[in-house]
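# Reading the structure
Now for the letters of each chain:
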Amino acid sequence: MYAQMVKSEGMKSRDEMTPEEQAFQDRVDRGEKIEPKEWMPEGYRKTLIRQIGQHAHSEIVGQLPEGNWITRAPTLERKAILLAKVQDEAGHGLYLYSAAETLGVSRDELTEKLHSGAMKYSSIFNYPTLTWADMGAVGWLVDGAAIMNQVPLQRTSYGPYSRAMIRICKEESFHQRQGYAIMMKMAEGTPAQKEMAQDALNRFWYPSLMMFGPSDAESVHSAQSIAWKIKINTNDELRQKFVDQTVPQAEYLGLSIPDDNLRWNEEKGGYDFSEPNWSEFFEVIKGNGPCNRERMNARVKAWDDGAWFREGLYAHAEKAAHRRAAATTAAE
Ligand code: BYC
């Protein structure tokens with residue numbers, strides 16, 4: 001049904017594991033949570049830092065395409081809702097950076113790696129948001145895909161990541177609903193509004209399918225991450241679930257999924273659908289998507305512009321520490 005998963009580089013069979021690694025794998029297999037100070041294989045730690053760090057970066061960069069619409073939201077109510085959603089994304093980024101920090105990496109190091117291109121963020125945020133209907137499509141499809149991926153991650157083996165996911169998923173569900181509500185309003189509106197909704201769906205459909213990552217046959221990390229329960233499902237499994245969930249929602253809106261090959265497959269109990277353009281995906285994650293440069297420039301500028309504020313906080317912390325030390329000496 002799905003493409004065969006490839007063996008991840010350096011993945012060990014049980015016989016090749018040290019006794020410590022075997023005991024760790026047994027804990028994961030029993031469904032125990034791994035906590036920050038406990039022993040873990042170096043590869044497990046590195047994989048988590050990569051995935052949680054990239055997830056955090058996605059939340060932060062993900063604010064940009066929507067933040068762009070706050071000043072142009074059509075009503076005060078829509079403006080307040082969008083503002084709250086974008087603030088939620090900032091909060092998600094912070095929970096996730098904190099979860100990554102429990103693995104011995106600092107937020108500054110992760111930020112530096114994002115800015116130098118050594119770490120990625122979700123491909124989806126390299127596409128432009130051209131009309132108000134795009135806010136609907138982003139909430140409906142992008143947050144919808146994010147939830148499909150993140151609900152199983154609530155059961156991931158690393159404690160701090162799984163707990164962050166529980167909180168994040170609650171908020172993501174509201175995000176998806178607000179996106180669908182915008183799409184409903186537009187789809188029930190004037191012919192021009194309905195056309196805008198259809199155009200947004202046309203542009204965001206395939207990039208949303210790409211969010212789940214390459215096909216299982218091309219996914220280099222899946223086999224090891226699934227064995228360690230860092231990931232719970234394969235990329236293709238989640239993509240299929242997303243399509244099956246989303247097609248009836250599009251039908252309810254009276255909009256068409258831009259895929260001539262889309263049809264229900266009784267035998268597999270799911271839809272057959274066209275794959276996204278994978279060469280476009282690999283170009284986008286290499287940094288050559290429509291908005292990669294714009295997004296990174298905006299992040300680097302925000303970081304540089306905030307330098308004076310971080311320096312002020314460090315100076316204040318240093319002064320406070322001096323004062324505390326002086327008070328302790330005086331009391332002795
Ligand atoms: N974009 O072996 P694979 C959100 C990279 S947004 C960019 O399958 P893995 C939000 C992958 O990193 C969603 N890069 O990797 C919603 C790897 O390269 P590296 C953020 C991608 O890690 C609304 C290479 O391709 N969610 O939440 O097993 C508003 C090979 O792939 C992508 C998460 O991050 C992509 N789409 O599986 C605001 C969820 N796909 O690292 C925010 C947590 C793959 O070796 N992450 N790559 O250089 C995951 O579940 C997994 O990391 C992925 C990829 C399914 C994304």
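Since the model is a prediction, treat every value here as computed from it, not as a measurement.

## Quick notes on the overall build of the chain
If you tally the helices and strands in the chain, you get 13 helices and 2 strands. The C-alpha radius of gyration of the chain comes to 22 Å, within 12% of the 20 Å expected for a compact globule of 332 residues. Scored against the burial criterion, the 332 residues of the chain give a buried share of 47%. Put simply, of all contacts in the chain between residues at least 6 apart along the chain, 78% involve residues at least 24 apart. Element-wise, carbon and sulfur atoms account for 55% of the exposed surface of the chain, whose accessible area totals about 17,000 Å². The chain carries 40 positive and 47 negative side-chain charges, and their two centres are separated by 5 Å.

## A few points about a nonpolar patch on the surface
A cluster of nonpolar side chains, Trp308, Phe309 and Leu313, forms an exposed patch at the surface whose accessible area comes to about 390 Å². Mapped onto the secondary structure, Leu313 falls in helix 13 (residues 307-331).

## With respect to the pattern of salt bridges
This structure, assessed with the given rule, holds 17 salt bridges. The closest approach of N and O atoms between Asp26 and Arg14, which form a salt bridge, is 3.1 Å. One end of the pair, Asp26, is in helix 1 (residues 19-29); the other, Arg14, is in the segment before helix 1, and 12 residues separate them in sequence. Residue Asp26 is classed as partly exposed on the basis of its relative accessible area, which comes to 27%. The residue Lys85 makes a salt bridge to Glu89 at a minimum N-O spacing of 3.0 Å.

## Section: unusual backbone geometry
Among all residues save glycine, negative phi is the norm, and among peptide bonds the norm is trans. One non-glycine residue, Lys229, lies in positive phi territory at about 55°. Residue Lys229 is classed as partly exposed on the basis of its relative accessible area, which comes to 27%.

## Some details on the domain arrangement of the chain
Once the domains are mapped, the chain shows domain 1 (17-288) and domain 2 (290-331). Centre-to-centre, using C-alpha coordinates, domain 1 lies 30 Å away from domain 2. The interface of domain 1 with domain 2 comprises 16 residues on the first partner and 11 residues on the second. On inspection of domain 1 and its partner domain 2, the count reaches 5 residue pairs in polar contact (both at pLDDT 80 or more). Mapped onto the side of domain 1 that touches domain 2, the elements with two or more residues apiece are helix 2 (42-61), helix 3 (63-67), helix 5 (107-116) and helix 11 (278-288). The element best represented in the side of domain 1 that touches domain 2 is helix 5, accounting for 4 residues. For the side of domain 1 that touches domain 2, the class distribution of residues is 10 nonpolar, 5 polar and 1 charged.

## Focus: the site of the ligand
Close contacts around the ligand come from 32 residues, with Lys120, Ser219, His221, Lys231 and Asn235 the closest. One nitrogen or oxygen atom from the side chain of Gln150 is found 3.1 Å from an oxygen atom belonging to the ligand. A distance of 3.4 Å is found between a nitrogen atom of the ligand and a backbone nitrogen or oxygen belonging to Met210. Across the complex, the protein chains shield 90% of the 1,000 Å² of accessible surface that the ligand would expose by itself. The set of elements that each furnish at least two residues to the shell around the ligand consists of helix 2, helix 6 (133-153) and helix 11. Of the residues belonging to the shell around the ligand, the class tally is 13 nonpolar, 13 polar and 6 charged.

Thresholds, definitions, all that
- Throughout, residues of each chain are indexed from 1 in the direction in which the sequence is written.
- Residue-level local features of this predicted model are given only where pLDDT is at least 70; pairs of side-chain atoms are given and counted only at 80 or more, and the full residue set underlies all totals for whole chains, interfaces and linings.
- The side-chain values count all of the structure's non-hydrogen atoms but skip hydrogen atoms and water molecules.
- Strands here mean DSSP runs of E at least two residues long; helices mean DSSP runs of H or I at least four residues long; both are numbered from the N terminus.
- Radius of gyration: over C-alpha atoms. The globule rule applied is 2.2 Å multiplied by the number of residues raised to the 0.38 power.
- Accessible area is worked out with a 1.4 Å probe on protein chains only. A residue is then buried under 20% of its type maximum, exposed over 50%, and partly exposed in between.
- Contacts were defined at the residue level, with two residues in contact if any of their heavy atoms lie within 4.5 Å.
- Residue exposure ignores everything except the shown protein chains as possible cover, and the areas themselves are Shrake-Rupley values with a 1.4 Å probe.
- Just so you know, the count uses Lys and Arg for positive and Asp and Glu for negative, and it drops His and the chain ends.
- Here the site of a charge means NZ on Lys, CZ on Arg, CG on Asp, or CD on Glu.
- Only residues whose relative accessible area exceeds 30% and that take part in no salt bridge are eligible for patches, with like-charged residues grouped when within 9 Å of each other and nonpolar side chains (Val, Leu, Ile, Met, Phe, Trp, Tyr) grouped when within 5 Å.
- Salt bridge, as used here: a side-chain nitrogen of Lys or Arg that lies within 4 Å of a carboxyl oxygen of Asp or Glu.
- Where each domain begins and ends follows an automated or database-derived domain assignment.
- Polar contacts here mean pairs of N or O atoms no more than 3.5 Å apart (in protein, one a potential hydrogen donor and the other a potential acceptor; neighbouring residues in sequence count only if both atoms are side-chain atoms).
- Gly is placed with the polar residues, together with every amino acid not listed as nonpolar (Ala, Val, Leu, Ile, Met, Phe, Trp, Tyr, Cys and Pro) or charged (Asp, Glu, Lys and Arg).
- The near set for a molecule or strand comprises every residue that places at least one heavy atom within 4 Å of it.

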